[in-house]
Amino acid sequence: MAVTSITVVQIGLAASTGLFSRIGPQGAAWLRLGWAGLILLVAVRPRPSDFTRSSLLACVSLGVVTAGLTILFMDAVARLPLGTASALEFLGPLGVAATRSRTGAKMWPALALVGVVLLTEPWHGGADPLGVVYALAAGACWAAYILLTQRVGDQVSGVRGLAVSMPVAGLVATAVAAPSVAGHLTWQILLFGLGLAVLLPVIPFILELLALRRLNAGAFGVLMSLEPAVALLVGLIGLHQIPGGSAVAGILFVVAAGIGAERTGSRTPPEPAAVPA
């Protein structure tokens with residue numbers, strides 16, 4: 001599920017770049033989050049009785065973090081190659097992996113870090129400094145996203161938690177981006193945004209929620225090391241961004257780390273918290 005989510009995310013990101021020239025990266029993020037929130041709210045129709053105060057707060061917090069992650073990363077992709085932006089963003093999940101992995105599984109974050117360094121090739125320099133800042137900030141949001149998604153998945157049954165967090169993310173993105181891009185919207189852009197919302201974030205976020213019920217946060221963080229590698233391949237095929245030999249070696253490292261994390265990171269999910277009558 002996690003690997004499928006990664007692949008869908010990168011395809012969705014590559015497709016989203018087509019909106020940059022029309023409504024900018026923040027507008028593209030807002031359109032995806034707004035539609036995703038509406039889709040999940042209508043499809044799931046969560047009720048107040050489905051939540052405790054703690055689980056509702058976790059859902060709202062996840063929505064705010066999701067908006068930050070999406071907007072910041074879209075700004076990063078507008079300034080950096082997709083593979084480089086994803087590799088820098090991965091430092092957030094890597095931090096989760098390093099702190100949450102079991103003692104016997106500490107080698108997988110280290111192996112993933114080697115792969116990320118080879119993917120980004122920092123010794124070459126020349127990367128857009130603001131793009132790097134955006135990617136690192138998105139990585140911090142991604143770390144919080146992993147922890148909050150696991151908490152929501154443990155406390156709220158089904159996908160009701162996402163039916164709250166995604167509308168919250170849509171509202172936050174609306175406050176940030178809508179005023180500057182609303183005048184540039186057309187029916188064609190709105191429909192394209194609807195299709196993108198299903199591809200990213202609706203499908204991958206549901207898959208990640210389900211995956212985090214089966215994997216511990218550390219293993220999931222390492223498994224996300226596959227994302228820079230997938231991003232590199234999608235960038236090559238869809239955006240004609242050609243990687244070098246170092247990047248190919250980096251792919252091998254992160255794939256090995258991802259496989260190792262998946263094999264050693266299973267968990268027994270707790271029962272969802274009881275909701276007061």
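Just so you know, these numbers come straight off a predicted model, no measurement behind them. (Residues numbered from 1 in each chain as written. Predicted model: local features only at pLDDT ≥ 70, side-chain atom pairs only at ≥ 80, totals over all residues. Heavy atoms only, no water.)

**With respect to the overall build of the protein**
In terms of regular secondary structure, the protein is built from twelve helices and zero strands. Seen in sequence order, the protein has helices and strands lined up from the N terminus as α-α-α-α-α-α-α-α-α-α-α-α. The 277 residues of the protein split such that 53% are buried. Working note: accessible area of the protein is about 11800 Å², and carbon and sulfur atoms make up 68% of it. (Helix = DSSP H or I, 4+ residues; strand = E, 2+ residues; numbered from the N terminus. Buried < 20%, exposed > 50% of the residue type's maximum accessible area, 1.4 Å probe, protein only. Areas by Shrake-Rupley, 256 points an atom, 1.4 Å probe, with all protein chains shown as cover.)

**Thoughts on the packing of aromatic side chains**
Scanning the entire structure with this criterion turns up one aromatic pair. The interplanar angle of 45 degrees and the centroid separation of 5.1 Å between the aromatic rings of Tyr145 and Phe205 together place this pair among those described as tilted. Remark: Phe205 occurs in helix H9 (residues 187-211) and Tyr145 occurs in helix H7 (residues 129-155); sequence separation between them is 60 residues. Of the two residues, Tyr145 and Phe205, neither departs from the other in class, the shared state being buried. (Phe/Tyr/Trp six-rings, centres within 6.5 Å; stacked < 30°, edge-to-face > 60°.)

**Structural notes on the pattern of salt bridges**
Per the counting criterion, the structure on display carries two salt bridges. Here Arg47 and Asp50 are joined by a salt bridge, their closest N and O atoms 3.6 Å apart. Salt bridges here are not isolated pairs; linked through shared partners, they connect Arg47, Asp50 and Arg160. (Salt bridge = Lys/Arg side-chain N within 4 Å of Asp/Glu carboxyl O.)

**Description of the layout of surface pockets**
The space that makes up the largest pocket amounts to roughly 400 Å³. Mapped by element, the contributors of at least two residues to the lining of the largest pocket are helix H4 (82-89), helix H6 (107-120) and helix H11 (226-239). Looking at the lining of the largest pocket residue by residue, the class counts come to 13 nonpolar, nine polar and one charged. (1 Å grid on protein atoms, 1.4 Å probe; cavity = no way out; pocket = protein on both sides within 12 Å on 5 of 7 lines; lining within 4 Å. Points joined across faces, edges and corners; volume = space filled by probe spheres on them. Nonpolar A, V, L, I, M, F, W, Y, C, P; charged D, E, K, R; others polar.)

**Looking at the environment of Leu239**
With respect to the element layout, Leu239 can be found in helix H11. Given the relative accessible area of 28%, Leu239 is considered partly exposed. Along the sequence, Leu239 and Ala14 sit 225 residues apart, while their C-alpha atoms lie 7.2 Å from each other. Contacts of Leu239, omitting those with residues within four sequence positions, involve Ala14, Thr17, Leu82 and Val234. (Contact = heavy atoms within 4.5 Å.)

**Examining unusual backbone geometry**
Backbone torsion omega between Leu200 and Pro201 reads 20 degrees, so that peptide bond is classified as cis. Position of Pro201 relative to the elements: it lies in helix H9. Although it is not a glycine, Arg45 adopts a positive phi angle of roughly 50 degrees. In this structure, Arg45 sits in the loop between helix H2 (20-44) and helix H3 (53-77). The exposure class of Arg45 is exposed, given its relative accessible area of 64%.

What is shown is where atoms sit, not what they do.
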